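The chain contents come next:
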Amino acid sequence: MMNQFMILAVLLPLRTCYTTYSQQESDVFPVTYLNVSKDLDLQQLLVEWDVVKSAHDAELAMSFEIQVRRTDEATTVWTEFQNVTLEKLGKPLHWTWDSDIPLECMSHAVRIRSKAKTSKIWSQWSLWETLPGLDTSNRSGPQIFPKEKILAEGSDITLCCIGGKGQTIKEFSVFPTVDVFKHTNNQVRLLTVENLSHDKGSNIHVYCYDEDKRSHEAAFFVGKPPDTPKDFSCQTQDMKRVTCSWRDQETYLYGKNSPQYTLSKTSSQKTALCKASCSKQCSCSWNIGQQWIWNVTVTVENPLGKKTATDVFDVNHRPNSDFPLAVYPTAPFQVWEDCTDTEMTLHWNYENNEIELFCQTEVLQPDGKVELHNSSITDPRRITVRGLRPHTEYTARVRCGAANHFWRWSEWSQPLTTRTKEGTPSGKLDIWREITPVRGGRNVTLFWKQTPSFQANGKIISYEVTLKKIEDGSQPESISFSSVYNSTRIFIDNHSHRISIVAKNNANFSLPSVLIISRATDNSTEELKEGQVNGTDDGIFISWEPRSIYDSYIIDWCNFPRLQPCDLQWKRFGPNVSSAVISSAAFVPGVRYKFRIYGSVASRASLLEKKIGYLRELPPFHDPIVRKVDLTYNSVTLSWDSYLANESEPGFVRGYHVYVSPIQGNCNLKGSKKYILSANMLYFVLLLVIVPTLVAAICHWKMKWVKECCCPAIPSPNKSKVLSFKEFKIDSEKVLKINDCLPDMLAMDSNDEAHKLHPVTWSPLSSTPTEDKIDGHNSSWIYPSENVARDFPPTPKPQTHTCFENFAYSSPPEAESDPYQIPETLEAGKTNQAVVLYQPQCYIDIFHEDTASTTTETGERKNSLKYISQTDTCWLGGKL
Amino acid sequence: MKFVPAGVVPFVALLLLQRRPVAGRALLVTGSGCPSHALCRSNVQEQTRRQVAMLNATAQELFSLYLKCQGEPFSSESDKLCNPSGIFFPAFRVNRTSERKEVMVAMYKLFAFLNASLGNITRDQEELNPMAKELLERLHNTTKTTRGLISNLTCLLCKNYNIFQVDVRYGDSSKGKSTFKKKQQGCQVLRKYVQVIGQAARVLLPHLSPS
């Protein structure tokens, strides 16, 4: 009994163990069916398997462990667990696996085992189900996988090149060259390109060849999947056809790979409303028919992906619509106008009669400015623009927008250019006159011009001049002139006259411009002094003495003073102006212009001042001709024709220069002495003194020679070649050279006859005595003597070597230049310039050696002193 | 410089058929003979010579630009990739001493082939390199010139030798080929074109020089 119990005690646990084991074994449901296939387009392994039917019947919750292995790799490349609750219908189970290398590259094998959720025991693994790669096929040449396709930028790709059966791949390269991971397996070569980029070239090229030089190549495009269309919106121009537009984005894929857009109702995206490719513009249109509310979707698709965007709109353009369709009206057309002189009413038409519009008019002003005018909603097809200028061309155009839910303006209409009608001329003409006394009256030349403030407001067709004698109340006389005239000459007697001038256009007359010509009197204004004025860079500067009684000033002048008519010009100035710069394009240097300054009060003008001046003075056209050279034993007297003091001169002649130079070596101005004479001098007396003892000594030493050469039988200084200045010209200046036979005494003439020197007594016309500026010498005087000048008889003489210059332009010899000398001389000349007629004759002081030369020069002269006969035979032509 | 085909205008429509990359017989003119009037313009000979000269002058640049636009390895490996030995190209076995008629027929065969091949290359490049505007423009211009050249050769053959039918073989179509193969085929044709056009210019010169 005991033994039986013992046996039972042993067997019972065993049975329990067996029962437990058997129970667990009955919970294992191994895979009964496994099939593996591939989708090469998607590069996926498709795995299908099943378990026993009882598991399905029990609707067991099961776990499956799936392993994937490649032929060239010893380890499993992928393991995944799938939890599935089985269905009674007994459908097989599916799993897909995305391969990271092309499935063609090598064989792939899959196995599966299972486990009920309630169990802890896995089933046995199924057998490996192998899907052979192309490496096992009987091909001859190498082949690259995957096949050519579009690759996404930023992604990675693994490529393989499979050699033919028994062939080894020698080279497998990618272009452009990038970093790659390479795996080698004799027959199969793998490489991985990470982070693909479109900017590495138009394509990625892969190139592979085997040991027999057989090759295969492939090209891959790299681009981007499309992004969601941006700014997707729809609009209509006529409420019949809707156009939706959006913004394209770069995908780096072109041609047949470029993004394709399809617009469809959101509710039925399979039916396209329209299609577009965005080659030029991203938009497409369709007719909306009777449907008011639209919910549309645009789908963009390229080989790398697909995106959508939607828009909702209400075609019925009600003010309270929450999502009204944007209205982009068509441009207004048939724009026409109706003008007065200051107003323009524009009319137009438009097609969008179903929509309430308001419009905007742009008016282009003549000055280029643009004005915008909005029309009223109640009258949207017309607008009146006011405040326009008469007889002026304006260009207008119109655009319109939806009055409710305004979105954008239409295009502009065709521009309309029109001209307002003529209006009354505004402002007054600027008029002036020139009066010439004639027998029995005066000739009055009237001038008129349009000032900037004058607005013709049309085309001026005539000017009307009305003349009325003031005193006797006679009837005014009117004369009409064509618009081409701007002046006329009339004769009036010596009474006061009132002259008015108006401009006339097709609309009306301008306000009259009036001037009154006073009764003629004997008070000739010709005696007014002519003051000199100066030119500036901007014109000629003129100033006058202001008088409080005048309400304006007028300056007139001739643009061409040497012509007739001289083109009289005038300019008006306010009462507070007392100076002006007169400029004219006609002003040229070297021409003397005369300016008359008038004061005007109550249309009566009175001449106040006269001015003359140059824009810029020019040097005299010709050197003065020396008419006479009188030589005594110690002096030389020169006389020359004076310049005319009138407007024919190209500048104001302020004086003359006389150069005295010893004959030493070459004849030039160096070492010469310049004597400056005021232009109002009649005589210039200069006495040059040589050290008497020196002369005496030389003469005594060479008495015989001196006598033969310098003192012929009939000595005549005038015959001396020494003092002949013929053909002697240096640096454009004529030079008088005093040779060794220098005068030694100063004399001075006041007329034909020489008279003795006496101190200068200046007339009021000469404010400052002008003299040779050599310090310490008062032996040279200049005599302003008008009478003497007139009486001085011109004596034909051989031309002397004398330099005459206008101080304004002469460039004095550098050795003689004295910066203080010229201004003084100018001042003196200026005072007397206008009233003195002159015919100067010069006495040159050569009595003192310093007068004519520096100490050094004197020394040189002393050393070279020799007496030269003044006869022809003594002429030292080579030296002088 | 653009050349206006000097040949008879009705030929043009017919010749357009020859762009199609098919092998076969090219008909110069319809019907059973050459037109009897207004066949050639007076300057057709000189114009033909200039057309060949211009193609010769631009061929190398076209080839270089083509290589550049394809990307690597075409530029660096052009000897290998663009080796034309594997493709069909019409034989051009004439020289300066060959008979003029023989030269004209060989020219016709050559440029009929080139016209079709350039059409294919242009089409492929429009698809593969749509942004390569300069290359496309050069391809278009070259194709147009060959078209004018064929027209002129047509009229010369008809006028001088009463030849109105020439057997022409065209190259393989690139349609359906891979991107790389399309590029490679264009490269091979253009490289051979560079070689042959120089020879054609030299051969044609004495035959078309003003007498």
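Residues numbered from 1 in each chain as written. Chains lettered and ligands numbered in written order. Predicted model: local features only at pLDDT ≥ 70, side-chain atom pairs only at ≥ 80, totals over all residues. Heavy atoms only, no water.

- Going by an unreviewed UniProt entry, chain B carries the name Leukemia inhibitory factor and comes from Chloebia gouldiae.
- Taken directly from UniProt, the Subcellular location (unreviewed entry) text for chain B runs: "Secreted".
- Annotation of chain B in UniProt includes, under Function (unreviewed entry), the sentence "LIF has the capacity to induce terminal differentiation in leukemic cells. Its activities include the induction of hematopoietic differentiation in normal and myeloid leukemia cells, the induction of neuronal cell differentiation, and the stimulation of acute-phase protein synthesis in hepatocytes." (UniProt positions renumbered as here; feature names shortened; annotations may be inferred.)

- If you look chain A up in an unreviewed UniProt entry, it shows as Fibronectin type-III domain-containing protein from Chloebia gouldiae.
- Its UniProt record gives chain A the following Subcellular location (unreviewed entry) comment, quoted word for word: "Membrane".
- Recorded under Sequence similarities (unreviewed entry), the UniProt text for chain A is reproduced unchanged: "Belongs to the type I cytokine receptor family. Type 2 subfamily."

## As for the pattern of salt bridges
For step 1, the next point in the chain: Evaluation of the coordinates by the stated rule reveals 30 salt bridges over all chains.
For step 2, the next point in the chain: Between Glu393 of chain A and Arg419 of chain A there is a salt bridge, with its nearest N and O atoms 4.0 Å apart. Linking Glu393 of chain A in strand β29 (residues 393-402) with Arg419 of chain A in strand β30 (residues 416-419), this pair joins segments that are 26 residues apart in sequence.
For step 3, the next point in the chain: The shortest N-O distance in the salt bridge between Glu46 of chain B and Arg49 of chain B comes to 2.8 Å. Of the two residues, Glu46 of chain B and Arg49 of chain B are both situated in helix α2 (residues 44-70); the distance of 3 residues between them amounts to about one turn of the helix.
For step 4, the next point in the chain: Look at Arg49 of chain B and you get partly exposed, because its relative accessible area is 23%. (Salt bridge = Lys/Arg side-chain N within 4 Å of Asp/Glu carboxyl O. Helix = DSSP H or I, 4+ residues; strand = E, 2+ residues; numbered from the N terminus. Buried < 20%, exposed > 50% of the residue type's maximum accessible area, 1.4 Å probe, protein only.)

## Details of the sheet that holds strand β16 (residues 230-236) of chain A
All names here are of chain A.
For step 1, the next point in the chain: Pairing within the open sheet is mixed, and its 4 strands lie in the order β20-β17-β16-β23. Sheet topology places β20 (283-287) and β23 (326-327) at the edges, where each strand pairs with a single neighbour.
For step 2, the next point in the chain: Inspection of the sheet shows strand β17 (residues 241-247) paired to β20 by 5 bridges, in the antiparallel sense. Bridged to Ser245 within β20 is Ser283. (Pairing = 2+ DSSP bridges.)

## Overview of the confidence of the model for chain B
Interpretation of this model should avoid reading the predicted coordinates in detail wherever pLDDT is low.
Residue and element names in this part refer to chain B.
For step 1, the next point in the chain: Residues with a pLDDT of 70 or more make up 80% of chain B, whose mean pLDDT is 79.
For step 2, the next point in the chain: Predicted confidence is poor over residues 1-23, with pLDDT under 50, and the contacts of this stretch with residues over four places away or in other chains come to 66 contacts.
For step 3, the next point in the chain: Here the predicted complex scores 0.52 on pTM and 0.71 on ipTM. (pLDDT = per-residue confidence, 0-100. Contact = heavy atoms within 4.5 Å.)

## Some points on unusual backbone geometry
For step 1, the next point in the chain: With an omega of 0°, the peptide bond running from Gln564 of chain A to Pro565 of chain A counts as cis.
For step 2, the next point in the chain: When you line up the elements, Pro565 of chain A lands in the loop between β40 (552-558) and β41 (568-573).
For step 3, the next point in the chain: That bond from Glu72 of chain B to Pro73 of chain B is cis: its omega, 10°, falls within 30 degrees of zero.
For step 4, the next point in the chain: Relative to the helices and strands, Pro73 of chain B resides in the loop between α2 and α3 (78-81).

## Here's the deal with the state of the cysteines
Residues and elements named next belong to chain A.
For step 1, the next point in the chain: Evaluation of the coordinates by the stated rule reveals 7 disulfides over all chains.
For step 2, the next point in the chain: Across the disulfide, Cys558 is cross-linked to Cys566 (sulfur-sulfur distance 1.9 Å). Across the pair, Cys566 and Cys558 agree in class, each one buried. (Disulfide = S-S within 2.5 Å.)

## A word on the sheet that holds strand β14 (residues 204-210) of chain A
Residues and elements named next belong to chain A.
For step 1, the next point in the chain: Pairing in this open sheet of 4 strands is mixed, and the strands run β9-β15-β14-β11 from one edge to the other. What marks the edges here is a single partner per strand, and that holds for β9 (150-152) and β11 (169-175). Each strand of the sheet is rotated relative to its neighbour by a mean of 25°, with strand direction disregarded. (Axes fitted to C-alpha atoms, helices over the stretch in contact; angles between N-to-C directions.)

## Considerations on the pairing of strand β21 (residues 293-302) of chain A
Regular strands show a simple pattern: their side chains alternate between the two faces of the sheet.
Residues and elements named next belong to chain A.
For step 1, the next point in the chain: Among the 10 residues that make up β21, 7 are buried, leaving the element largely enclosed by the rest of the structure.
For step 2, the next point in the chain: Sheet topology note: the strand β18 (residues 260-265)/β21 ladder contains 6 bridges and is antiparallel. Residue pairing for β21: Leu263 is matched across the bridge by Val298.
For step 3, the next point in the chain: As defined by bridge partners, β21 adjoins strand β22 (residues 305-314) across 10 bridges and the pair is classed as antiparallel.

## Describing the interface of chain A and chain B
For step 1, the next point in the chain: With 13 residues of chain A at the interface, the matching set in chain B holds 19 residues.
For step 2, the next point in the chain: Summed over both partners, the interface of chain A with chain B comes to about 1,300 Å²; 61% of that surface belongs to carbon and sulfur atoms.
For step 3, the next point in the chain: For the chain A face of the interface with chain B, the top three residues by lost area are His205, Glu217 and Tyr254 of chain A, together amounting to 35%.
For step 4, the next point in the chain: Run the count over chain A and chain B and you get 2 salt bridges.
For step 5, the next point in the chain: Among the salt bridges present, the one from Glu127 of chain B reaches Lys256 of chain A, with a minimum N-O distance of 3.2 Å.
For step 6, the next point in the chain: Counting every contact that joins chain A to chain B gives 7 residue pairs in polar contact (both at pLDDT 80 or more).
For step 7, the next point in the chain: Listing elements by their share of the side of chain A that touches chain B, those giving two or more residues are β14 and β15 (215-223) of chain A.
For step 8, the next point in the chain: It is β15 of chain A that provides the largest number of residues to the side of chain A that touches chain B, a total of 4 residues. (Buried area = accessible area lost by both parts, 1.4 Å probe. Polar contact = N/O pair within 3.5 Å; in protein donor to acceptor, adjacent residues only side chain to side chain.)

## What to know about the nonpolar core
For step 1, the next point in the chain: Of all hydrophobic cores here, the largest spans 60 residues; its most connected members are Phe92 and Phe111 of chain B.
For step 2, the next point in the chain: Breaking this core down by element, the ones donating at least two residues are β14 of chain A together with α2, α4 (100-128), α5 (133-161), β2 (165-168) and α6 (179-208) of chain B.
For step 3, the next point in the chain: Top contributing element to this core by residue count: α4 of chain B, with 14 residues.
For step 4, the next point in the chain: Core analysis: the next-biggest nonpolar cluster, separate from the first, contains 43 residues, Trp294, Val300, Cys339 and Ile355 of chain A among them. (Core = buried A, V, L, I, M, F, W, Y, C linked by side-chain atoms within 4.5 Å.)

## As for α2 of chain B
Two residues of an α-helix separated by three or four positions point the same way, owing to the 3.6 residues in each turn.
Residues and elements named next belong to chain B.
For step 1, the next point in the chain: Across its 27 residues, α2 extends 37 Å between first and last C-alpha, which sits within 8% of the 39 Å expected from 1.5 Å per residue.
For step 2, the next point in the chain: Of all the bends in α2, the greatest measures close to 40° and is centred on Thr58.
For step 3, the next point in the chain: One or two residues past the end of α2 sits Gly71, with phi positive at roughly 85°. (Expected span 1.5 Å × (residues − 1). Bend = angle between axes of the 7 residues up to and from the residue.)

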